[in-house]
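Architecture at a glance
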Amino acid sequence: MTQTQLIHQTLHTLAYLGVREVCVAAGARNAPLVAALLNCSGIKIWNFFEERSAAFFAMGRIMADRQPVAVVTTSGTAAAELLPAVVEAHYQNLPLILVTADRPKSYRGSGAPQTIEQPGLFGVYATMVGDWDATDESHEGHCSDGPMHLNVCLDEPLETNIPGVDFAAAPPPAPSEEGPIGLVQCDLVVASGMHPEDAAQAAALLARLGAPIVAEATANLHAFPELQPLLIPGGERALQSARPAHVLRIGAVPSWRWWRDLDKEAKIKVTNITRTGFSGLARTENVETLAWENVRSTEATRLEQPCSILRFDPDLTRFPASEPGWMLHLAKAIPAGSRVFVGNSMPIREFNLALQSVNKPGVEFFANRGTNGIDGIVSTFLGASAVHDGECWLILGDLSALYDLAAPWIIQQLDHPRLRIVVVNNGGGKIFSRVTSLRALPDAARSVIENRHELSFEPWAQLWGLEYLQTEDPADLEDLLPMPMIIEINPDPYQTEAFWRDWQKPVIRPR
Ligand SMILES: Cc1ncc(C[n+]2csc(CCOP(=O)(O)OP(=O)(O)O)c2C)c(N)n1
C-alpha cells in the first residue's frame, strides 16, 4: 500500500465515523495527513499549535453539536498531550477521535527521536480503531462508543501532494441501537449535566413522574414551565433535608457532596439514567443504571409516599460582593439566548445558587463534569461556543484559567467570537477553604494547598488581544466593552466567608 492509499484509508475512516470537523496540530510526521485534509471538501479544519487545547476544543465541539470530531497530532509527546481530554471524553462518553501520526513500526522501543509507544497510549480511555502502516495490505476500522484512537505510521519520504476526499459524500453513520426500556420509579429526582436537547426529553419524563426535582444549572431544566412546581431550590442544602427512598439521577454525576454521601446510604435505592453508562457511585447494592432511551419510558411512576424535602432560597443580595453574590450579578448580566460554561471548583456550585433567582429564556449551560478537572476548561468552552448565535460566557476560577493560558489561540479562527471569559480571581484554589478537614491545617500548609497568588489576568488579555476589565463593582457589568473580552472579578473574601457561614448552618431534617 502506498502512503497515499494509507492516508486515503485514514480519511475515509474518519468520514465513515461521521467526522466533519478536525482539529490539527502539525509536525513533520503528520504533515502528509494535514496537507491531505486541507485538500478535502465537506470538512472544517481548526488549526492549533499545541495538542492539549486542540483536544479539549474538539471535546467542546462534540458537547455542543453532538457530532464526532477528530484531533490529528504528530508523533511522540505530541500524542501524549491528548490524554487529559481523552480521559474527560471517556467519562462523558463523547466520540473524540484521536489520529496520531507515528514513525514506522520498526522504530518501536528504539528510543529514536519522537518515537514512543503510541498504540494503547490512552489505555482504557480510548478504543484502538487501528495501528496502521503502509506494509499492511488493507485496514478495517470499527466504531465504538466514546474516544477512539487511530495510529497511522508514516515513513519517509513524507508525501505532501495527496489529493483530498469529499467527506460530505460519506453516508451518515447508522444510529446506534436503542437500549431496553425499564421501569422508572422514584420519590426524588436529582438532575445534572444534560445537553439542552436531552433536557427537553427529560422534562417530559419528569413532568409525568411528578416527584420533587433538585437540579443543577447544567441540567438545563430550569426554563420548563411544567417543571416549575417540582423544582426545589437550595441544591445541597435542600438535599440534606430530604429523606428519599428511591432517587432517580438523570444526566451527569452531580457536583453535590450529598451525592458522594449517598454511597454510604445503601438503603436508598438509586436509578441512573445517563448517556455515559457510569453510575457515579462505588456501591452496586440498590443501584441500577439505565440507558438514555428510558427517558421515553411509559412505565414511569412516583412512589406513593412522597419524599419530604425543604426548600431553601439563598439571599445573595445580603452579601453582594461575595463570590455567590457575584454569580447573581453575572446571572443578571448574561442575556437571554446565551450559552454559559461553568468551571469546576466553586463556580459551578455558586452559580447553581444564583440560577434560582434569575431565569432567562434560552440560556444553555455546559460544564466538564466527566472527571471534574480544572484543566482544559477555556478550550472546552471555546469549542462549545465556536458555532453559537448568542453570547457565550465562561465563568471559572483563577487556577483553572492559569491551566489553559494557550486556549485563546483559536479565537481568531472563530467567525463571531461573542465571548466573555469571567475569571473569578480569589487568589488561589479557594474550594479548599471550604473542605472541613483542611480548615484545621496551619496557614502555611493551606497556602501551599490553595496555591495562593497575587497574579493579574490583564497580561493574558493583552497577549491574545482581548478586551479586559478588572472589577470589584457589579455596576461595571452593566455597560460592558465589546467582545471577546476577559472580565476579572475580585470578590470580597470576608463577604464570601460570611455567606458560606450563613448558608451552611446545619439543616434540621423534618420528621
Ligand atoms: C486537573 C486538575 N488538577 C487538580 C484538581 C484538584 N482541584 C480541584 S479544585 C482545585 C482548585 C481550583 O482553583 P480555582 O480554579 O482558582 O477555583 P476556586 O477553587 O478558587 O473556585 C484543584 C487544584 C482538579 N480538579 N483538576
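Residues numbered from 1 in each chain as written. Predicted model: local features only at pLDDT ≥ 70, side-chain atom pairs only at ≥ 80, totals over all residues. Heavy atoms only, no water.

**Re the UniProt feature "domain: Thiamine pyrophosphate enzyme N-terminal TPP-binding" (unreviewed entry) in the protein chain**
Quick note on the threshold: UniProt positions are given in the numbering used here, feature names are shortened, and annotations may be inferred rather than shown by experiment. A run of H or I in DSSP becomes a helix once it reaches four residues, and a run of E becomes a strand once it reaches two; helices and strands are each numbered from the N terminus.
Feature annotation in UniProt assigns "domain: Thiamine pyrophosphate enzyme N-terminal TPP-binding" (unreviewed entry) to the following positions: residues 10–118. For residues 10–118, the end-to-end C-alpha separation is 17 Å, with 40% helix and 20% strand making up the annotated structure.

**Regarding the site of the ligand**
Convention followed: Neighbouring residues are identified by heavy atoms, a residue being near a molecule or strand if any of them is within 4 Å of it. Under this definition, polar contacts are N or O atom pairs within 3.5 Å; protein pairs additionally need one hydrogen-donor-capable and one acceptor-capable atom, and for neighbouring residues in sequence, both atoms have to be side-chain atoms. Only the protein chains shown count as cover for residues, with accessible areas throughout obtained via the Shrake-Rupley method and a probe of 1.4 Å. Basically, the charged four are Asp, Glu, Lys and Arg, the nonpolar ten are Ala, Val, Leu, Ile, Met, Phe, Trp, Tyr, Cys and Pro, and anything else, Gly included, counts as polar.
Taken together, the neighbourhood of the ligand is formed by 18 residues, with S345, S400, N426, G428 and K430 sitting nearest. One nitrogen or oxygen atom from the side chain of Y403 is found 3.4 Å from a nitrogen atom belonging to the ligand. K430 places a main-chain nitrogen or oxygen 2.9 Å from an oxygen atom of the ligand. For the ligand, whose unbound accessible area comes to 590 Å², protein coverage reaches 78%. Secondary structure elements with two or more residues in the shell around the ligand: α10 (346–355) and α12 (398–403). Here the residues of the shell around the ligand are counted per class, giving seven nonpolar, eight polar and three charged.

**A few points about a negative patch on the surface**
Basically, it comes down to this: Patch building starts from residues that exceed 30% relative accessible area and form no salt bridge, then joins like charges within 9 Å and nonpolar side chains (Val, Leu, Ile, Met, Phe, Trp, Tyr) within 5 Å. The salt bridge definition used is simple: a Lys or Arg side-chain nitrogen within 4 Å of an Asp or Glu carboxyl oxygen. In this tally Asp and Glu are treated as negative and Lys and Arg as positive; neither His nor the chain ends contributes. Every charge is mapped to an atom, namely NZ of Lys, CZ of Arg, CG of Asp or CD of Glu. Type-normalised accessible area, obtained with a 1.4 Å probe on protein chains alone, sets the label of each residue: buried when under 20%, exposed when over 50%, and partly exposed for intermediate values.
A cluster of like negative charges, contributed by E472, D473, E478 and D479, occupies part of the molecular surface. Its place among the elements puts E472 in the loop between β18 (467–471) and β19 (485–489). Since its relative accessible area comes to 57%, E472 is described here as exposed.

**Comments concerning the domain arrangement of the protein chain**
As a reminder of what qualifies: Throughout, the edges of the domains are those of an automatic or database domain assignment. Note on contacts: a residue pair qualifies if any of its non-hydrogen atoms lie within 4.5 Å across the two residues. Buried area: the accessible area, evaluated with a 1.4 Å probe, that two parts lose upon being put together, summed over both parts.
Its domain assignment divides the protein chain into domain 1 (3–153), domain 2 (183–300) and domain 3 (323–504). A C-alpha centroid distance of 26 Å is found between domain 2 and domain 3. Listed by partner, the interface residues are 16 residues for domain 2 and 17 residues for domain 3. Of the roughly 1400 Å² buried between domain 2 and domain 3 on both sides combined, carbon and sulfur atoms contribute 55%. When the buried surface of domain 2 facing domain 3 is broken down by residue, A217, R237 and S255 rank first, second and third, together holding 33% of it. There are zero salt bridges connecting domain 2 and domain 3.

**Some details on the environment of S297**
Position of S297 among the secondary structure elements: in the loop between β12 (287–290) and β13 (300–302). Given a relative accessible area of 0%, S297 falls into the buried group. It is 53 Å that separates the C-alpha atoms of S297 and P459, two residues lying 162 residues apart in sequence. Residues in contact with S297, not counting those within four places in the same chain, are I181, G182, V184, L205 and R208.

**So, the pattern of salt bridges**
Under the criterion given, the structure shown has 20 salt bridges. Between R420 and E391 there is a salt bridge, with its nearest N and O atoms 3.9 Å apart. One end of the pair, R420, is in strand β17 (residues 419–424); the other, E391, is in the loop between α11 (377–385) and β16 (392–397), with 29 residues separating them in the sequence. For R420, a relative accessible area of 6% puts it in the buried group. E497 is the partner of R439 in a salt bridge, and the nearest nitrogen-oxygen pair spans 2.8 Å. One end of the pair, R439, is in helix α13 (residues 436–439); the other, E497, is in helix α16 (residues 493–503), with 58 residues separating them in the sequence. The structure contains a network of salt bridges with shared partners spanning K430, D443, R446, E450 and R452.

**Describing the sheet that holds strand β14 (residues 339–342)**
Put simply, the rule is: Only strands joined by at least two bridges in the DSSP assignment are considered to pair. Comment: axis = line fitted to C-alpha atoms, over the contacting stretch for helices; angle = value between 0 and 180 degrees taken between N-to-C directions.
One open sheet holds the six strands; their spatial order is β15-β14-β16-β17-β19-β18, and the pairing between them is parallel. Here the strands that pair on one side only, and so sit at the sheet edges, are β15 (364–366) and β18. Between one strand axis and the next, the sheet turns through 20 degrees on average, direction left out of account. Strand contacts of helix α9 (residues 323–333): β16, β17, β18 and β19, with the helix running at about 175 degrees to β16, the strand carrying the most contacts.

**What to know about the nonpolar core**
For clarity, the threshold we go by: Put simply, a nonpolar core is a bunch of buried Ala, Val, Leu, Ile, Met, Phe, Trp, Tyr and Cys residues held in one set by side-chain atoms that sit within 4.5 Å of each other.
L188, W258, L330, V340, F351, I395 and I487 are the most contacted members of the largest nonpolar core, which has 55 residues in total. Mapped onto the domain boundaries, this core takes at least three residues apiece from domain 2 (183–300) and domain 3 (323–504). Look past the residues within four positions of L330 in its chain and what remains in contact with it is W393, I395, V422, L477 and I489. Counting 49 residues, the second-largest nonpolar core is a separate cluster that includes V378, L394, I410 and L414.

**Topic: α11**
Most of α11 sits out of view: nine of its nine residues are buried. Taken together, the buried residues of α11 touch α3 (51–65), β14, β16, α12, β17 and α15 (458–464).

**Points about the packing of α3 against α11**
Formally: For this classification, under 35 degrees means roughly parallel, over 145 means roughly antiparallel, 65 to 115 means roughly perpendicular, and everything else is oblique. Less than a right angle of anticlockwise turn of the near helix away from the far helix marks a crossing as left-handed, whereas a clockwise turn marks it as right-handed.
Contact geometry for α3 and α11: axes closest at 6 Å, N-to-C directions at 40 degrees. With respect to α11, the element α3 is oriented oblique. In this structure, α3 crosses over α11, and the sense of that crossing is right-handed. Contacts between α3 and α11 pair S53, F56, F57, M59, G60, R61, M63 and A64 from the former with S379, T380, L382, G383 and A384 from the latter. Taken together, the residues of the contact of α3 with α11 break down into seven nonpolar, five polar and one charged.

**Focus: unusual backbone geometry**
A cis geometry characterises the amide bond from E156 onward to P157, with omega recorded as 0 degrees. With respect to the helices and strands, P157 occurs in the loop between β6 (148–153) and β7 (184–186). Going from M483 to P484, the amide bond is cis rather than trans, its omega being -5 degrees. Its location among the elements puts P484 in the loop between β18 and β19. One non-glycine residue, R66, lies in positive phi territory at about 60 degrees. Looking at where R66 falls in the secondary structure, it is placed in the loop between α3 and β3 (69–73). Overall, R66 belongs to the partly exposed group, its relative accessible area being 29%. Its identity is not glycine, yet N93 carries a phi of approximately 55 degrees, on the positive side.

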